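Now for the letters of each chain:
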Amino acid sequence: MNNNPVIIKGNKYGIIVVLDSDMEYESLREKIAEKFRESAKFFDKAQMALSFEGRKLTTEQQRDILNIIAEETKLHVVCVIEDDPQTEEKFKKALDEKLMELSNTTGQFYKGNLRSGQVLESETSIIVIGDINPGARIVSKGNIIVLGSLKGSVFAGAAGNTNSFVVALDLNPVQIRIADTIARSPDKPEKISGKETKIAFLEDGNIYIEPLSKEVINDINL
């Protein structure tokens, strides 16, 4: 019999629970409770990602183990990672995205997709790493840059800054507003021959959308 049927390995972003592959589950869960009881003081009220190694667990067993962890420690497991190489970077990415979703964080950078009904507001210019889906909306007092598809609505220069602009790798919004000027997408969108990065800017009271290039950047007053 394995002398260490439960091994806990951790880094600052998450923990890996290595489980014996042969021990009966009922006996194993007792060992899991014992191990986490002994380790409780190390976790305190940390928020971490969790991964299992060593044996295949059913969803029900995973839930059971998460309940054991909750009973024995103050550790808050924000997500369980499966079938991925267990590296700090993987843990960090999963944890960052989940915590952002939980805390509804907004700021200069936002990582993740915005779904229909979600609104992201920022006091400063904002860079979104992800897609803005139809029905989602971004409001910024500065510029808006989307490293993904922009198919929702955006409002740049919300404080009245007419020099604000919007950039997206795939710019096809339902509505763009810059300062007090609004532009809507046509009822029948043009056929897309290939995605290209575009910029939307305000000039002479009109919103123009052009392919992003050095010439366009030099020509408009940013």
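Residues numbered from 1 in each chain as written. Predicted model: local features only at pLDDT ≥ 70, side-chain atom pairs only at ≥ 80, totals over all residues. Heavy atoms only, no water.

The chain has the name Probable septum site-determining protein MinC in an unreviewed UniProt entry, where Anaerocolumna chitinilytica is given as its organism. Regarding the chain, the UniProt comment filed under Sequence similarities (unreviewed entry) reads as follows: "Belongs to the MinC family." On record in UniProt, under Function (unreviewed entry), the comment for the chain is "Cell division inhibitor that blocks the formation of polar Z ring septums. Rapidly oscillates between the poles of the cell to destabilize FtsZ filaments that have formed before they mature into polar Z rings. Prevents FtsZ polymerization." (UniProt positions renumbered as here; feature names shortened; annotations may be inferred.)

J.: What's the story with the nonpolar core in this structure? I'm lost.
T.: Generally speaking, soluble globular proteins have nonpolar side chains that are buried together. V128, I132, I138, I144, V146, L150 and V166 are the most contacted members of the largest nonpolar core, which totals 22 residues. Mapped by element, the contributors of at least two residues to this core are β7 (126–129), β9 (144–150), β10 (153–156), β11 (165–171), β12 (175–178) and β14 (198–203). In contact with V128, not counting residues within four places along its chain, are Y110, G112, L120, I138, I145, V146 and L147. In this structure, V17, L19, F43 and L57 belong to the second largest nonpolar core, which totals 19 residues. (Core = buried A, V, L, I, M, F, W, Y, C linked by side-chain atoms within 4.5 Å. Buried < 20%, exposed > 50% of the residue type's maximum accessible area, 1.4 Å probe, protein only. Helix = DSSP H or I, 4+ residues; strand = E, 2+ residues; numbered from the N terminus. Contact = heavy atoms within 4.5 Å.)

J.: I would appreciate a short explanation of the pairing of strand β15 (residues 206–211) in the present structure.
T.: Taken residue by residue, a regular strand's side chains alternate between the two faces of the sheet. Across 6 bridges, β14 lies against β15 in antiparallel orientation. Within β15, the residue paired with A200 across the bridge is I209. Here β14 folds back onto β15, and the loop between the two strands holds 2 residues, one of which, D204, carries a positive phi near 55 degrees. (Pairing = 2+ DSSP bridges.)

J.: I'm lost on the confidence of the model for the chain in this one. Help?
T.: Should pLDDT be low for a region, the predicted coordinates there are not to be read in detail. Model confidence for the chain is summarised by a mean pLDDT of 82, while 78% of its residues fall at 70 or above. Mean pLDDT across the elements of the chain ranges from a minimum in helix α3 (residues 88–103), with 59, to a maximum in β10, with 95. Taken as a whole, residues 102–107 scores under 50 in pLDDT and shows 9 contacts with residues more than four places along the chain or in a different chain. (pLDDT = per-residue confidence, 0-100.)

J.: Can you walk me through helix α1 (residues 25–43) in this structure?
T.: An α-helix turns once per 3.6 residues; consequently, residues spaced three or four apart project the same way. Remark: the principal bend of α1, roughly 40 degrees, maps to R37. Next to the buried residues of α1 lie β1 (6–10), β2 (14–19) and α2 (59–72). Of the residues one or two after α1, D44 is the one with positive phi, at around 50 degrees. (Bend = angle between axes of the 7 residues up to and from the residue.)

J.: Please explain α2 as it appears in this structure.
T.: Along its 14 residues, α2 runs 20 Å from first to last C-alpha, staying within 8% of the 20 Å computed at 1.5 Å per residue. Every buried residue of α2 is accounted for by Q61, Q62, I65, I68 and I69. The buried residues of α2 all sit within an arc of 120 degrees when viewed along its axis, so they share a single face. When the buried face of α2 is taken as reference, the exposed residues oriented beyond 90 degrees from it are T59, E60, R63, A70 and E71. Buried positions along α2 lie against β2, α1, β3 (47–53) and β4 (76–81). (Expected span 1.5 Å × (residues − 1). Arc of directions from axis to C-beta.)

J.: Help me understand the pattern of salt bridges, please; the structure alone is not making it clear to me.
T.: A side chain with one charge may pair with a side chain of the opposite charge, provided their charged atoms come close. Summed over the entire model, instances satisfying the criterion amount to 4 salt bridges. The shortest N-O distance in the salt bridge between R37 and E72 comes to 3.0 Å. Of this pair, R37 sits in helix α1 while E72 sits in helix α2, and the two are 35 residues apart along the sequence. Assessed through its relative accessible area of 23%, E72 is described here as partly exposed. Linking E123 and K141 is a salt bridge whose minimum nitrogen-to-oxygen distance equals 2.8 Å. A residue pair is termed long-range when its members are at least 10 positions apart, and E123 in the loop between β6 (119–122) and β7 and K141 in the loop between β8 (137–140) and β9 qualify at 18 residues. The exposed category is assigned to E123, whose relative accessible area is 59%. (Salt bridge = Lys/Arg side-chain N within 4 Å of Asp/Glu carboxyl O.)

J.: What's the story with the side chain of T73 in this structure? I'm lost.
T.: Checked against the element boundaries, T73 lands in the loop between α2 and β4. Residue T73 is classed as buried on the basis of its relative accessible area of 7%. In this structure the side chain of T73 is engaged in a polar contact, spanning 2.8 Å, whose partner is the backbone oxygen of I69. Among the polar contacts listed, one links the side chain of T73 to the backbone nitrogen of L75, at a separation of 3.1 Å. Not counting residues within four places of it along the chain, the set of residues in contact with T73 comprises F36, A40 and F43. (Polar contact = N/O pair within 3.5 Å; in protein donor to acceptor, adjacent residues only side chain to side chain.)

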